[in-house]
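Fold and geometry: a report
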Amino acid sequence: MTQAASANPLDPARPANATPLAARGGSRLTPLVTLYLLTLRRYLHGKRWMVMAGLFLLPAGLALLIRATSRDVQPMRLDFLLAFMFIPQALLPLVALVYASGMIQDEQEEQTITYLLVRPIPKWALYCVKLLATITTAVLLTIVFTVLTYAAIYIGADSRVKDVPLRCLQAAGIHSLAVVAYCSLFGLLSVLTKRPLVWGILYAAFVEGLLANLPFSIRLVTVIYYTRIIAFRSLEFIVSSYGRTENLAAEAWKLDIAKDPKLLEHPQTSTCLIVLLAGSLACTALAALLCSGR
Amino acid sequence: MTGPAEVHPIVAFHEVSKRYRNVIGLNKLSIQVQAGVTGLLGPNGAGKSTLLQLATGQLYPSQGQVRVLGQRVWNNPSLNRQIGLCPEQDAFYEWMTGWDFVYTSARLSGMNRPTAREAAGRTLEAVGMTKNKDRAIRGYSKGMRQRTKLAQALVHGPQVLFLDEPLTGTDPVARRDLIDIICRLGSEGKSVLVSSHVLHEVQSMTPYIILLNHGRLVAAGHVRQIRDLIDKHPHHIAIVCEQYRKLAGRLLAEEDVEGIKIAAAERQLMVETRSPGAFYSRLPELALQEGMTIEELYSDDDNLEAVFKYLVNK
């Protein structure tokens, strides 16, 4: 082993003409930014994103397959089925669950959490930064593959749907909002339980899958309900076939206002936005609080 | 415990207990570690890692107080700028290169980019990893991994270092290098608490030791002080002699001999005495008188291993 002549090799942060510890550090945000980037890099190096990307390619693949086999299928139907049923119902909870449940637990299982706990980062901040990186990853995947799905549905199709790019952007926004809520929720679950994956799958299947489809107030506790309301109020899902016009969303989501005036009491788009964001914040705050006490 | 230089303790445990449900990790432990290098010794399950985890704020004590540099440890992230930990577990971000890992550790400790870059390079040089710094960690040997772990603990220039079994699995060259580094850290004014269950390794780093067993403090202090403890208790002296039976009969007549065990196969006597000094000085004369030749004479109780075994089995 050799030593640098002008510095103390065993105190690398303190060269011979060193400044005091406080003066040679970066800003207070340096550890947090580094942790954020480290978490993103960790996700990129795992095989998880490839599995997720493979799953996310399913709707685009299905769209191409259906278009290739049934020439008279309406793009709007595909749009609704794939972008507003399949993706939010199956893929968004899954991607959020897989990433959020592992964001702390993976570090614990691989025992790399030690390297983070002995840094000048409060535990609550550690949780929040890791959640932020998780949300970033999940949202990026969501946006990219929502756009791909729309491309597979609409490119080269005879569509009467107005302004497809804007619709695609809105769908990506709605999906991103849902994924933020799911990540926050499953992040909290990962702090509350040692088996977040199991509980998360149960939650996704029972609460988001079953309760959300019941026309009762119980669906007010689900993420997908608010996501659907935002989509229902901001996008059209009307198709005409054989001289008959139908609203796909109203039928499938039990939101047929024409038949049931009580449905007018459904929350406005802004209320849904507030509920999803406030719920996400509440979950994050609670999880961060729990982390700081551990 | 009396340390080499300073009066104020660097690490202080006061009546600290740590329970994991029904298992006790540490039991009402009170110690004070002074500046310099201190060895933390004990068999597996003695509580060494628990102690280090408590000292680095990774665990909350079930009872008692832990202070490092006079500050409370739990939920005190700013203290982490002044401490470094080399954990026992062989865990890394395997996809990183050694340089990347140490640089990231420096950045996580709050250093800006140029300082972190410089510090990472210099630390890797100090632990002898410059040549391999650009290789992925997943391809490192055990020795390289230990050196890299030590580098991440050192990179931000901490005042206090906690090293959990840093020599585990290393080859003799790496072991020698790491021991040299640890000794140098001590001589440069760093405080190092290094755990191990290999006693001669600790002896080569420091004469100051803390002995733990079953979560309790067995002994603490200079190795001389600890050896004094054992002098109050029977020493075991092995004697290899052709006429071992005759010698045994003769020794039993001596007042300070507490007992004798005979190992006929090795022609060996294991003599138990409370006055080893007097026994050693009288033995040659006795052998001469009886016309016996002593082929071998030794006592395991003279090394730290024996002190350790004696104290933990007490």
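It should be emphasised that the depicted structure is a prediction, and the values quoted were computed from it without experimental measurement.

Looking now at the overall build of chain B. Assigned secondary structure in chain B consists of 10 helices and 14 strands. The dimensions of chain B, computed from C-alpha atoms along their principal axes, are 80 × 45 × 40 Å. Each of the 314 residues in chain B was classed as buried or not, and the buried ones make up 45%. Taking as baseline every contact in chain B between residues at least 6 positions apart, the subset at least 24 positions apart corresponds to 69%.

So, about the overall build of chain A. When helices and strands are counted, chain A shows 11 helices and two strands. Order of helices (α) and strands (β) in chain A, N terminus to C terminus: α-α-α-α-α-α-α-α-α-β-β-α-α. Considering only contacts within chain A whose residues lie at least 6 apart along the sequence, 76% involve residues at least 24 apart.

All names here are of chain B. With antiparallel pairing, four strands are arranged side by side in an open sheet as β12-β13-β11-β14. Two strands close off the open sheet at either side, each with one partner strand: β12 (257-263) and β14 (294-298). Between one strand axis and the next, the sheet turns through 20° on average, direction left out of account. Its contacts with the sheet place helix α9 (residues 276-290) against β11 (235-241), β13 (268-273) and β14, and it is angled at close to 15° to β11.

Bringing unusual backbone geometry into the picture now. Residue and element names in this part refer to chain B. With a phi close to 50°, E165 is a non-glycine residue in the positive phi region. Accessibility expressed as a C-beta count within 10 Å gives 21 for E165, which makes it buried. Look at H214: it is not a glycine, yet its phi comes out positive at around 50°. Topologically, H214 is positioned in the loop between β9 (208-213) and β10 (216-222). Classification of H214 as partly exposed rests on a count of 15 C-beta atoms within 10 Å.

To continue, consider helix α11 (residues 269-292) of chain A. The α-helix winds at 3.6 residues per turn, so residues separated by three or four positions along the chain end up facing the same way. The end-to-end C-alpha separation of α11(A) is 34 Å, in line with the 34 Å expected for 24 residues at 1.5 Å each. When we look at burial in α11(A), the residues that qualify are A:C272, A:L276, A:S280, A:C283, A:T284, A:A287 and A:A288.

Here the focus is the pairing of strand β8 (residues 191-196) of chain B. Taken residue by residue, a regular strand's side chains alternate between the two faces of the sheet. Residues and elements named next belong to chain B. Burial analysis of β8 places six of its six residues in the buried class, the great majority of the element. Here β8 shows no split at all, with S191, L193 and S195 on one side and V192, V194 and S196 on the other all buried. Relative to β8, strand β3 (residues 37-41) runs parallel, the two sharing five bridges. Note on β8: the bridge partner recorded for L40 is S195.

Helix length check: helix α8 (residues 196-210) of chain A, at 15 residues, gives a terminal C-alpha distance of 19 Å against a target of 21 Å (1.5 Å per residue), a fit within 8%. Of the surrounding elements, those touching the buried residues of α8(A) are α4 (75-109), α7 (164-192) and α9 (223-234) of chain A.

Let's shift gears to the nonpolar core. Counting residues in each nonpolar core, the largest one holds 149 residues, and the members touching the most others are A:A96, A:Y182 and A:C183. The element that contributes the greatest number of residues to this core is α4(A), accounting for 16 residues. Per-domain counts for this core show at least three residues from each of domain 1 (1-82 + 159-222) and domain 2 (89-158) of chain B. Beyond its immediate sequence surroundings of up to four residues, A:C183 is in contact with A:A96, A:Y99, A:A100, A:L131, A:T134, A:I135 and A:A138. Ranked by size, the runner-up nonpolar core spans seven residues in total, among them B:I239, B:Y244, B:L247 and B:L251.

Moving on to the sheet that holds strand β4 (residues 63-68) of chain B. Residue and element names in this part refer to chain B. Spatial ordering of the open sheet is given by β2-β1-β4-β5, a layout of four strands whose pairing is antiparallel. Each edge of the open sheet carries a strand with a single partner, namely β2 (23-33) and β5 (71-72). Pairing analysis gives two bridges linking β4 to β5, with the strands arranged antiparallel. Residue V68 lies in a different strand from β5, and its bridge partner there is Q71. Across the sheet, helix α1 (residues 48-55) lies against β1 (11-20), β2 and β4, angled at about 115° from β1, the strand it touches most.

For any two helices packed against each other, one specifies the crossing angle of their axes together with the interaxial distance. All names here are of chain A. Their axes nearest at 9 Å, the elements helix α2 (residues 30-45) and helix α6 (residues 123-154) cross at an angle of 45°. Taken together, α2 and α6 sit at an angle that is classed as oblique. Crossing of α2 against α6: the hand is right-handed. Counted together, L32, L35, Y36, T39, L40 and Y43 of α2 and A125, L126, V129, K130, L132, A133, T136 and T137 of α6 form the full contact between these two elements.

Now for the environment of A:T34. Of note, A:T34 is situated in helix α2. On the basis of neighbour count, A:T34 is assigned to the buried category, with 25 C-beta atoms found within 10 Å. With 95 residues separating them in the primary sequence, A:T34 and A:V129 have C-alpha atoms 9.7 Å apart. Once you skip the residues sitting within four places of it in the chain, A:T34 turns out to touch B:T104, B:R107 and B:L108.

Turning our attention to the confidence of the model for chain A. Residue and element names in this part refer to chain A. Within chain A, residue pLDDT values average 84, and 87% of them lie at 70 or more. Scored below 50 in pLDDT, residues 1-7 shows 14 contacts in the model against residues more than four places distant or in partner chains. Per-residue pLDDT stays below 50 along residues 13-23; that stretch engages in 18 contacts with residues further than four places along the chain or on separate chains.

Parameters at a glance
- Residues numbered from 1 in each chain as written.
- Chains lettered and ligands numbered in written order.
- Predicted model: local features only at pLDDT ≥ 70, side-chain atom pairs only at ≥ 80, totals over all residues.
- Helix = DSSP H or I, 4+ residues; strand = E, 2+ residues; numbered from the N terminus.
- Buried ≥ 20, exposed ≤ 12 C-beta atoms within 10 Å, placed from the backbone.
- Contact = placed C-beta atoms within 7 Å.
- Pairing = 2+ DSSP bridges.
- Axes fitted to C-alpha atoms, helices over the stretch in contact; angles between N-to-C directions.
- Expected span 1.5 Å × (residues − 1).
- Core = buried A, V, L, I, M, F, W, Y, C linked by C-beta atoms within 7 Å.
- Domains from an automatic or database assignment.
- Parallel < 35°, antiparallel > 145°, perpendicular 65-115°, else oblique.
- Left-handed = near helix turned anticlockwise from the far one by under 90°.
- pLDDT = per-residue confidence, 0-100.

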